[in-house]
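Working through the structure, step by step
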Amino acid sequence: MDIDIDRDEVVVVGELPVPGDASTPTATKEGALARFRESTRPARMQIADEAQRRYGRSVAWGVRVDGERILFTHLAVPVMTRLRQPERQVLDTLIDAGVARSRADALAWTVKLAGKHAETWLAELREAMRKVDDLRSEGPTGL
């Protein structure tokens, strides 16, 4: 099970076994996913309500099926940014090429792409930040 937490949301992703064998049709996998989602909905909602009260964050659910990560309902949080003309031109090029419908979609696509290619570096940065937090918690208080 994977649990990802940020300032706004907790995302819980469990592994759903693939029905049958590797040659199982996509429709069968989708059916198993739909059955799992519906049969676990009341329990997931109860857990989410309790976790939201306790941690002050929304809880989203998903599964990994045959290596594919599928999220159920999850947040899309608006983010404000100011871009200069060269950055806006990048977004507008993505729109003109049909990659994105809007600047917001183009920006989300660009962030996903950057995150995918910088995954190792971002993981190292997050680990370094955790070490700094640990050192801070071990240091003197009241400063």
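Just above, that's the structure.
Overview of the structure.

Reading the values: rules and limits
- Residues numbered from 1 in each chain as written.
- Predicted model: local features only at pLDDT ≥ 70, side-chain atom pairs only at ≥ 80, totals over all residues.
- Heavy atoms only, no water.
- Patch = residues over 30% accessible without salt bridge, like charges linked within 9 Å, V, L, I, M, F, W, Y side chains within 5 Å.
- Areas by Shrake-Rupley, 256 points an atom, 1.4 Å probe, with all protein chains shown as cover.
- Salt bridge = Lys/Arg side-chain N within 4 Å of Asp/Glu carboxyl O.
- Helix = DSSP H or I, 4+ residues; strand = E, 2+ residues; numbered from the N terminus.
- Buried < 20%, exposed > 50% of the residue type's maximum accessible area, 1.4 Å probe, protein only.
- Lys, Arg positive; Asp, Glu negative; His and termini not counted.
- Polar contact = N/O pair within 3.5 Å; in protein donor to acceptor, adjacent residues only side chain to side chain.
- Contact = heavy atoms within 4.5 Å.
- Axes fitted to C-alpha atoms, helices over the stretch in contact; angles between N-to-C directions.
- Parallel < 35°, antiparallel > 145°, perpendicular 65-115°, else oblique.
- Nonpolar A, V, L, I, M, F, W, Y, C, P; charged D, E, K, R; others polar.

This part takes up a nonpolar patch on the surface. Residues Met1, Ile3 and Ile5 make up a contiguous nonpolar surface patch of roughly 380 Å² in combined accessible area. Mapped onto the secondary structure, Ile3 falls in strand E1 (residues 2–5). According to the relative accessible area criterion, Ile3 is exposed, its value standing at 51%.

Among the secondary structure elements, Glu9 is positioned in strand E2 (residues 9–15). One buried charged side chain, Glu9, makes no salt bridge at all; its nearest oppositely charged neighbour is Arg69, positioned 8.3 Å away. Only 2.8 Å separates the side chain of Glu9 from the backbone nitrogen of Leu75, close enough to count as a polar contact. Aside from chain neighbours lying at most four places away, what touches Glu9 is Asp4, Arg57, Ser58, Ala60, His74 and Leu75.

The next thing to look at is the pattern of salt bridges. According to the stated counting rule, one finds eight salt bridges in the structure shown. Taking the shortest distance from any N to any O, the salt bridge between Arg41 and Glu38 comes out at 2.3 Å. Of this pair, Arg41 and Glu38 both sit in helix H1 (residues 26–55), three residues apart, which is roughly one turn of the helix. Overall, Arg41 belongs to the partly exposed group, its relative accessible area being 30%. Residue classification places Glu38 among the partly exposed positions, given a relative accessible area of 48%. Residues Glu127 and Arg130 are paired through a salt bridge, measuring 3.1 Å at the closest nitrogen-oxygen approach. With Glu127 and Arg130 both in helix H4 (residues 119–138) and three residues apart, this pair spans about one turn of that helix. Take Glu127: its relative accessible area is 35%, and that puts it in the partly exposed class. Look at Arg130 and you get partly exposed, because its relative accessible area is 45%.

Attention now goes to the packing of helix H2 (residues 85–96) against helix H3 (residues 103–117). Contact geometry for H2 and H3: axes closest at 9 Å, N-to-C directions at 100 degrees. Looking at the two axes, H2 sits roughly perpendicular to H3. Contacts from Arg88, Leu91, Asp92, Leu94 and Ile95 of H2 reach H3 at Arg103, Ala106, Leu107, Trp109 and Thr110. Class assignment for the residues of the contact of H2 with H3 results in six nonpolar, one polar and three charged.

As for its position among the elements, Ser137 is in helix H4. Taking the C-alpha atoms as reference points, Ser137 and Leu122, 15 residues apart in sequence, are found 23 Å from one another. Within the structure, the side chain of Ser137 is placed 2.7 Å from the backbone oxygen of Asp134, a separation counted as a polar contact.

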